[in-house]
Every structure is written in structure tokens, then in C-alpha cells.
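Fold and geometry: a report
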Amino acid sequence: MTEAIAAPHDPKLDRLALGASLPFFLAHLLVGLVVVTGFKWEWALLALFSYYVRMFGVTAGYHRYFSHRAFKTNRGFQFFLAVLAQLSTQKGALWWAANHRHHHRYSDQPEDIHSPVRRGFWWSHVGWILSKRYDQTNYAAIKDFARFPELVWLNEHWLVLPVLALGALFAIGGLPFVVWGGILPTVLLWHGTFTINSLSHIFGKRRYVTTDTSRNNWLLALITCGEGWHNNHHYHQNTANQGWFWWEVDFTFYVLKVLSWFGVVSDLRLPRPETKFAYRSYTDEQRRQLAVESRFGALLPKPPTPTPVEMPSLGLGMPHAQR
Ligand SMILES: [Zn+2]
Ligand SMILES: [Zn+2]
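The shown structure was predicted, so the numbers you read here are calculated from the model rather than taken from an experiment. Within every chain, residues take consecutive numbers counted from 1 along the sequence as written. A letter from A marks each chain and a number from 1 marks each ligand, given out in the order of writing. Residue-level local features of this predicted model are given only where pLDDT is at least 70; pairs of side-chain atoms are given and counted only at 80 or more, and the full residue set underlies all totals for whole chains, interfaces and linings.

Some points on the overall build of the protein
A helix here means a DSSP run of H or I that spans at least four residues, while a strand means a run of E at least two residues long, and both kinds are numbered starting from the N terminus. Of the regular secondary structure elements, the protein holds 15 helices and two strands. The exposure scheme places C-beta atoms from the backbone and then counts, for each residue, the other C-beta atoms within 10 Å of its own, assigning buried at 20 or more, exposed at 12 or fewer, and partly exposed in between. The buried share of the protein, taken over its 323 residues, is 37%.

Some thoughts on the nonpolar core
Buried together is how nonpolar side chains tend to be arranged in soluble globular proteins. Grouped together as the largest cluster of nonpolar side chains are 42 residues, with contacts concentrated most on Y62, A85, A93, L94 and A97. Looking at this core, the elements with two or more residues in it are α3 (41–67), α4 (75–86), α5 (93–105), α9 (149–156), α10 (160–197) and α13 (251–261). In these notes, a nonpolar core means any group of buried Ala, Val, Leu, Ile, Met, Phe, Trp, Tyr and Cys residues linked to one another through C-beta atoms within 7 Å. Counting seven residues, the second-largest nonpolar core is a separate cluster that includes I196, L220, A221 and W244.

Things to note about unusual backbone geometry
A positive phi angle is found at R69, which is not glycine, with a value near 50 degrees. Note that R69 resides in the loop between α3 and β1 (72–73). Given 15 C-beta atoms within 10 Å, R69 falls into the partly exposed group.

What about the confidence of the model for the protein?
Within the protein, residue pLDDT values average 89, and 90% of them lie at 70 or more. The predictor reports its confidence for every residue as pLDDT, a score running from 0 up to 100. Think of it this way: build a C-beta for each residue from its backbone, and any pair within 7 Å is a contact. Counting contacts from residues 307–323, a segment whose pLDDT is below 50, to residues more than four positions away or on other chains yields three contacts.

Describing α4
The first and last C-alpha atoms of α4 sit 16 Å apart over twelve residues, in line with the 16 Å expected at 1.5 Å per residue. Three or more residues of α4 are buried, namely Q78, L81, A82, L84, A85 and Q86. Considering only its buried residues, α4 is in contact with α3, β1, α5, α9 and α10. In this analysis, the expected span of each helix is defined as 1.5 Å times one less than the number of residues it contains.

Examining the packing of α3 against α5
Here an angle of 0 to 180 degrees is reported between the N-to-C directions of two axes, which are lines fitted to C-alpha atoms, with helices fitted over the stretch in contact. Two elements in contact, α3 and α5, have axes whose closest approach is 9 Å; the angle formed by their N-to-C orientations is 60 degrees. For the element pair α3 / α5, the angle class is oblique. Crossing hand, α3 versus α5: right-handed. In this structure, α3 uses G61, Y62, H63, F66 and S67 to contact α5, whose residues at the interface are A93, W96, A97, H100 and R101. As a working rule, the residues Ala, Val, Leu, Ile, Met, Phe, Trp, Tyr, Cys and Pro are called nonpolar, Asp, Glu, Lys and Arg charged, and the rest polar, with Gly in that last group. Residues belonging to the contact of α3 with α5 are distributed by class as follows: five nonpolar, four polar and one charged. Under this scheme an angle from 65 to 115 degrees is roughly perpendicular, one under 35 degrees roughly parallel, and one over 145 degrees roughly antiparallel; angles in between are oblique. Each crossing gets its handedness from the near helix: less than a right angle anticlockwise from the far helix is left-handed, clockwise is right-handed.

Here we look at α13
Three or more residues of α13 are buried, namely T252, F253 and L256. The buried residues of α13 occupy an angular sector of 90 degrees when projected down its axis, which confines them to one face. Every exposed residue of α13 that faces more than 90 degrees away from the buried side is listed here: V258 and W261. For α13, the secondary structure elements touched by its buried residues are α3 and β2 (265–266). Of the residues one or two after α13, G263 is the one with positive phi, at around 75 degrees. Each direction from the helix axis to a C-beta atom contributes to the arc, which is the arc of those directions.

What to know about the environment of R133
Note that R133 resides in the loop between α7 (121–130) and α8 (143–146). Here R133 falls in the buried class, since 21 other C-beta atoms lie within 10 Å of it. Between the alpha carbons of R133 and D10 there is a distance of 8.9 Å; along the sequence they are 123 residues apart.

Concerning the environment of A93
Its place among the elements puts A93 in helix α5. Classification of A93 by C-beta neighbours within 10 Å gives buried; the count is 31. Separated by eleven residues in the primary sequence, A93 and A82 have C-alpha atoms spaced 5.9 Å apart. A93 has contacts with G61, Y62, F66, A82, A85, Q86, L151, L154 and N155, leaving out every residue within four places of it along the chain.

With respect to the packing of helix α1 (residues 18–30) against α10
Two elements in contact, α1 and α10, have axes separated by 9 Å at closest approach and are oriented at 115 degrees. α10 is crossed by α1, and the crossing has left-handed handedness. In contact with A27, H28 and L30 of α1, α10 contributes I183, T186 and V187. Here the residues of the contact of α1 with α10 are counted per class, giving four nonpolar, two polar and no charged.

Considering the environment of F170
Of note, F170 is situated in helix α10. With residues up to four places along the chain from it excluded, the contact list for F170 reads F177 and V178.

Have a look at this one:
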């Protein structure tokens, strides 16, 4: 068990961890098996079900519960949330939440793990996950949940659940179930989730002034069960809902609300009116700035302008080459 994220200064750690990343690339290739199995509507429905149920695990589990403690629940349902989240094959719940807390602490600053503004789209989307740098869990950042041995076990053996699930799918429906219930929706689920780290900081509208580049995007909210309201979320990160207005669709919150009626979850944190309506007191200058920042890619890094080479004023002959 490693206690800290690797030191930031070694550029070798940014390289692709080839061995560990092979299953990721292999899964993309195996999506091609849809050609072998052919198409049936019931398989497409299975894919949709597999995608959205596990997306709920990602959003309610990995994100809103383990990363942000946006609601409370009992130990049994906490374990169930970790299981459901980890069936998405995005590593352990403690690994995921520790990295995500780091993202909020340093959003779009040089220390940010996956900022598209700092390191470009591909790094923020998949590069950081496939690199050697962040493959260990920073347990110091997730002490509150690391005290539960069952969560630590799941975190350390995160591959067990996805492998068991694939075995179960094969036993029930053979290759078509493995492809349509497992591989295809898992690859889509990866990229659906990763859009929040990449596209939600590039494409969408900014309602609130934040120190990062987070945006609100309805399309990403539909794909991710409500996570696309990312500017709301960065403005106030601990709420159980991320869609704060009736038109901001947030399926994760709707399910959590229903679960709260049955006492499965409780204390759903909501934004206070002064938080939600903070934009009403913005100055004209702040509104103008937000409108400019809301343009596509407005906050992406510009290519560096070359600094003019200083020529020695009294030098004789050619200056030495700059190294
Ligand atoms: Zn973010
Ligand atoms: Zn978050």
C-alpha cells in the first residue's frame, strides 16, 4: 500500500504504463466483437441498462458519496455503492475519491491531476489514468473511508468485481452478453465519465465565478446522470444535487431523493439560496467575463509566444547558440 502520490518532478512517471494499460486498449479493440455477435434490440437495452446503472454507481458512489460526502448512508449501502461504482472498472473507490479530492483542491492549478488547461485535452481525458504517476492510492487523502477494512480490500482488489461480472454475463448469455452487457457499455462508461474531467472544463456555459474553468453542459449532464452541471459543482462541491434548477436534469439526484424516502440515504446536502443565486449579485464586469469565458475553448492554453532572443549589443561576430 503506497501512502502518497508519486513525486511530481519525475517526467518518466508521465509515460504510458504500457502493461497496466493493455486491458484498456484491448477492451476498445474487443468492442469490434459486435460485428461477430450481430444486433438484437434486447442486447442494446442490456447495454443501456449496464451503462446507466453503473453510471449511477460512478456519480452517487465514487463522486458524490466517497469524494464529497454529499449525503449519509449506512455501512451496508456504503459497501453496495462501492461495489456498484467499482463494477464500472475505474479502479477502487478510495483511489478514485482520493484523486478527485485532489482535483478540487488544485482545480486548473499546476498541481491539478487532470486539467485540460494545463496539460491538454488527451491528458485530462485518459492520459493521467494510463500514466505511471497516479496508479497508487493516496490513502492520506481518504482517511475517513480508509478506516473501513471492506472498502480497503475492495480498493486493493478492484479487478475482482469486473472479472466476476464478466463471468456471470458469460454464464447467463454467452458471448453476446459479455459484449453487449460488459465490454461495449464499459468502454462507453469510461469515456462518458472522463468527459467530466476533459470536456466539462472546455465546453459549456459558466454561471458562477470560480478559480477554475468548469462549465455547465446539458448534453454531458444527460450522458453522466447529472454530472455535466460541473460549474455548479465546482462553485459548491458538497451538494447531493448538481443540477440546481428544475431544467438542470440530474438523474443521480432523483434516484437519491427516492432512496431518501425509504431511509436508505439521508441528509442530502442542498445549496443554500444565497449560493444558488449568487450570480444575481455579480457586477457587470463579472457577467461580461463569464460570457467571454463561456465561449468554446476560451480558457484553453494559447500556444506560447516565442520570446525574442536578446542580441548582445556590443558583441563581435555571431552570438553563441542558446541552449
Ligand atoms: Zn472539475
Ligand atoms: Zn467533484
